[in-house]
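This is what each chain is made of:
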Amino acid sequence: MKTKWTNLLTSALCAALWVASPTHAQGTSGKPRVIEITGNDQMKYSINEITAKPGESLEVVLTNVGQLPKAAMSHNWVLLKPMTDAEIATFASSAMTKAPDYIPDDTSSIIAHTKTLGSKETDKVDFTAPTKPGEYPFICTFPGHYALMHGKLIVK
Ligand code: CO
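This is a predicted model, so every value here is computed, not measured. (Residues numbered from 1 in each chain as written. Predicted model: local features only at pLDDT ≥ 70, side-chain atom pairs only at ≥ 80, totals over all residues. Heavy atoms only, no water.)

1. Topic: the sheet that holds strand 3 (residues 57–64)
Put simply, the rule reads: Any two strands between which DSSP finds at least two bridges are classified as paired. Each helix is a run of H or I in the DSSP string that is no shorter than four residues. Each strand is a run of E no shorter than two, and both are numbered from the N terminus. In this analysis an axis means a line fitted to C-alpha atoms, helices contributing only their contacting stretch, and an angle means the value between N-to-C directions, from 0 to 180 degrees.
Read across the open sheet, the three strands follow the order 1-3-6; overall the sheet is mixed. Two strands close off the open sheet at either side, each with one partner strand: strand 1 (33–39) and strand 6 (122–128). Sheet twist, expressed as the average angle between the axes of neighbouring strands with direction ignored, equals 20 degrees. Examined bridge by bridge, strand 1 and strand 3 share seven bridges and lie parallel to one another. Note on strand 3: the bridge partner recorded for Thr38 is Thr63.

Right, here's the structure in full:
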């Protein structure tokens, strides 16, 4: 009888701890943290650095706030696995010929990406931050943009 009550008490305590746990409160079952980014006619993102916890649930909302025609000035947001600047340049080259989305055939180095957006268009992408701490580059792959439109997701 004593053992049974001890087990019951232990179970109740574990349940209480699980509910109170910060990991549970911020876990993947919850709503993602929303990060709003804009891109403009000057080829600039409003945010160039995002910090996230390993495995954090995120939602990037990208809006093109520019006025120029879509064919002249579009933006996307492409999050990549860690790579060197030279590798980013190679990736951007492979993407820039792939109108209208500017996503290369080989997507193995892409973690998440939005659509390519014309003036006043918005798209969002939900993803889980990598579990491995590090710096993950993001770029706009519209032709000629990545040199100005780039940033990094810092997982720590
Ligand atoms: Co762009």
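There's more to say after this.
2. Regarding the nonpolar core
The nonpolar side chains of a soluble globular protein tend to be buried, and buried together. Spelled out, the test is: Take the buried residues of types Ala, Val, Leu, Ile, Met, Phe, Trp, Tyr and Cys, join any two whose side-chain atoms come within 4.5 Å, and each joined set is a nonpolar core. We call a residue buried when its accessible area falls under 20% of the maximum for its residue type, exposed when it is over 50%, and partly exposed in between, using a 1.4 Å probe and counting protein chains only. Contacts are assigned to residue pairs that have any heavy atoms within 4.5 Å of one another.
Grouped together as the largest cluster of nonpolar side chains are 23 residues, with contacts concentrated most on Ile37, Tyr45, Trp77, Phe127 and Leu153. Here this core gets three residues from one element, more than from any other, and that element is strand 3. For Trp77, the contacting residues outside a window of four places in its chain are Ile37, Tyr45, Ile50, Val60, Leu62, Ala112, His113, Thr114, Val125, Phe127, Phe138 and Ile139. Grouped together as the second largest cluster of nonpolar side chains are ten residues, Val78, Met83, Ile88 and Phe91 included.

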